[in-house]
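As a plain string of letters, each chain reads:
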Amino acid sequence: MTATASAPGAGVRVPTADGTTTITLHEPRAWEEHPQPYRSRVAFAAAHVVADPRGENVPGAPAAIDWDATLAFRRHLFRYGLGVAEAMDTAQRNMGLDWPAVQELVSRSAAQAAELGARIASGAGTDHAPEAATTEAVTAAYLEQVEFVEGTGSQVIVMASRQLARAAASADDYLRVYDRILSEVSRPVVLHWLGEAFDPQLTGYWGSTDVDTATATFLDLVRAHADRVDGVKVSLLSESHEIGLRRALPAGVRLYTGDDFNYPTLIRGDAEGHSDALLGAFAAIAPAASAALAALDEGDLARYDAEMAPTLELSRTVFEAPTFYYKTGIAFLAWLAGHQDGFTMVGGLQSARSLTHLGRVFALANEARLLPDPELAAHRFATLCAAQGVTA
């Protein structure tokens, strides 16, 4: 595959494990912007950070961020009516984004959201205190980050904590820590239950490796603090579990789906309810998600289904195992779409997916017509192939 430009309608060769395949570039779609929020669903996109290509973004180094490109990408999401879920795992929390960078990111992003009248919620966790070994120390670390996030004007997302997963000996330990956090917040928060597919260090969260037992503990917490919980974000990649949990939540508490494998049907819902959205996938498919949510606002379920359908295989590929490396696909798609000048990530994470995996992501984004400039995307992918020794 060479680094020559390819116009829409041209064939582009994409590497596979045993050779190449040829795809046809599609004409770009003129997606309609929708800067106002949606009436029928609340939708957040968990956004990535754009690395400074001149920075020392090597494993273990402090994050060097291209702030202009990072904030421009958030404006892109706002133009499609999506709120931003800031400083989440999509932004490489626990995978290269250190606490000083988190503070600057949340401060800048919250200020931009306030200026634009857009919605933002930001992650508060304990990752700045890796040495926290007791539930008391974990609680103090949580409260420090919650205070910081609230001070920026952002809503808080209480993230799952690796430190708590290590320190807690029982479900009661989890309840005691979260009881204290929720007693201190000044406005309703989002509680985030991140499954082990996204972070193996969170195995057994809520005090049990049995999902039903853990869910019972989680529901006890939410019911006890329903007035302080705006919603829960669940990222367990189980459609049936999410539906059951959604139906068990107290009235007024939202279920923000984090299921990047099944989001179209979960957001669509059924006669007994629906999920709202807080998804890393929405950062990659923002224009299509916007078109689908606009159709849902109009009660046009057929158009909703039609808009969502081409995005699902793309999302499932980006998030395929090992799922915690999905951030690489999000940054790759942002590069192909022209939202950033280079394909580099903090911590050197651009190396976390193979060229053949990225080729499938490129092909599926093309099928979904999510490449604003297909010629640019094809050229950029060709240069990546050439740099890795794949030419045709």
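Per chain, residue numbering runs from 1 following the sequence as it is written. Residue-level local features of this predicted model are given only where pLDDT is at least 70; pairs of side-chain atoms are given and counted only at 80 or more, and the full residue set underlies all totals for whole chains, interfaces and linings. With hydrogens and water stripped out, all remaining heavy atoms of the structure feed into the side-chain values.

1. A short note on the overall build of the protein
Helices and strands together make up the secondary structure of the protein, namely 14 helices and 10 strands. The C-alpha radius of gyration of the protein comes to 20 Å, within 12% of the 21 Å expected for a compact globule of 392 residues. Considered along the principal axes of its C-alpha atoms, the protein spans approximately 60 × 50 × 45 Å. Partly exposed residues are those whose accessible area sits between 20% and 50% of the maximum for their type, while under 20% is buried and over 50% is exposed, using a 1.4 Å probe and protein chains only. Taking all 392 residues of the protein together, 57% fall into the buried category. The criterion used for residue contact is that any of the two residues' heavy atoms lie within 4.5 Å. Partitioning the contacts of the protein with sequence separation of at least 6, the portion at a separation of at least 24 is 70%. Within the structure as shown, the protein displays about 15100 Å² of accessible surface, and the carbon and sulfur contribution to it stands at 49%. Of note, the protein has its 30 positive side-chain charges centred 2 Å away from the centre of its 48 negative side-chain charges. In this text, helices come from DSSP runs of H or I with a minimum length of four residues, and strands from runs of E with a minimum of two, each type numbered from the N-terminal end. With the radius of gyration taken over C-alpha atoms, the globule rule is written as 2.2 Å times the number of residues to the power 0.38. Using a 1.4 Å probe, accessible areas were evaluated by the Shrake-Rupley method; residue-level cover was limited to the displayed protein chains. Neither His nor the chain termini are counted; the positive set is Lys and Arg, and the negative set is Asp and Glu. Where a charge sits is defined by one atom per residue type, namely NZ (Lys), CZ (Arg), CG (Asp) or CD (Glu).

2. Re the sheet that holds strand β6 (residues 155-158)
Sheet architecture is closed into a barrel: 8 strands sit in the order β3-β4-β5-β6-β7-β8-β9-β10, paired in parallel fashion. Averaged over neighbouring strand pairs, the angle between their axes works out to 25° when direction is ignored. Strand pairing is assigned whenever DSSP identifies at least 2 bridges connecting the two strands. Pairing between strand β8 (residues 229-235) and strand β9 (residues 254-257): 4 bridges, direction parallel. Its bridge partner being in β9, V234 is matched across the sheet by T257. Throughout, an axis means a line fitted to C-alpha atoms (over the contacting stretch in the case of helices), and angles, computed between N-to-C directions, take values from 0 to 180 degrees.

3. Structural notes on helix α12 (residues 326-336)
Burial analysis of α12 places 11 of its 11 residues in the buried class, which makes it a mostly covered element. For α12, the complete set of buried residues consists of Y326, K327, T328, G329, I330, A331, F332, L333, A334, W335 and L336. Where α12 is buried, its residues meet α1 (67-79), α9 (281-284), α11 (301-318), α13 (355-367) and α14 (374-387). Just beyond α12, the residue with positive phi is G338, at close to 85°.

4. Looking at the side chain of R246
In this structure, R246 sits in helix α7 (residues 239-248). Given a relative accessible area of 11%, R246 falls into the buried group. Nitrogen and oxygen atoms within 3.5 Å of one another constitute a polar contact, given that in protein one can donate a hydrogen and the other can accept it, and given that sequence-neighbouring residues count only through two side-chain atoms. For R246, the side chain forms a polar contact with the side chain of S275, separated by 2.9 Å. Look past the residues within four positions of R246 in its chain and what remains in contact with it is L255, L266, G269, D270, G273, H274 and S275.

5. Considerations on the pairing of strand β3 (residues 43-46)
Neither face of β3 is open: one carries A43 and A45, the other F44 and A46, and all of them are buried. As paired strands, β3 and strand β10 (residues 276-279) are joined by 3 bridges and run parallel to one another. Counted as the bridge partner of A45 is L279 from β10. As defined by bridge partners, β3 adjoins strand β4 (residues 83-86) across 3 bridges and the pair is classed as parallel. Across the sheet, A45 pairs through a bridge with V84, a residue of β4. Classification remark: right-handed applies to a crossover when, strands pointing away from the viewer, the course from the first strand over the helix to the second runs clockwise. For the crossover that starts at β3, traverses α1 and ends in the parallel β4, the hand is right-handed.

6. Some words on the pairing of strand β2 (residues 19-24)
One ladder, built from 6 bridges, connects strand β1 (residues 11-16) with β2; its direction is antiparallel. Following the sheet pairing, R13 is matched in β2 by T22. Connecting β1 to the antiparallel partner β2 that follows it, the hairpin turn spans 2 residues.

7. A word on the pattern of salt bridges
A pair is scored as a salt bridge if a Lys or Arg side-chain nitrogen falls within 4 Å of a carboxyl oxygen belonging to Asp or Glu. Per the counting criterion, the structure on display carries 17 salt bridges. Note that E33 and R79 form a salt bridge whose closest N and O atoms lie 3.6 Å from each other. With E33 in the loop between β2 and β3 and R79 in helix α1, this pair connects stretches of sequence that are 46 residues apart. With relative accessibility at 44%, the residue E33 sits in the partly exposed group. One network of salt bridges, with partners in common, ties together R246, R247, D270 and E272.

8. A short note on unusual backbone geometry
The omega torsion of the bond from A321 to P322 falls at -5°, within 30 degrees of zero and hence cis. Here P322 shows up in the loop between α11 and α12. Its identity is not glycine, yet N94 carries a phi of approximately 65°, on the positive side. Positionally, N94 belongs in the loop between β4 and α2 (99-116).

9. Points about the packing of aromatic side chains
Only Phe, Tyr and Trp rings are paired, with Trp represented by its six-membered ring, and only when their centres lie within 6.5 Å; those with planes under 30 degrees apart are stacked, over 60 edge-to-face, the remainder tilted. For the structure shown, the criterion picks out 20 aromatic pairs. Three or more aromatic residues joined by ring pairs make a cluster, and in this case those are Y142, Y174, Y178, W193, Y205, W206 and F218. Lying across the ring of W31, R29 places its NZ or CZ 3.8 Å from the centre. A ring is scored as having a charge over it whenever the NZ atom of a lysine or the CZ atom of an arginine sits within 6 Å of its centre and within 35 degrees of its normal.

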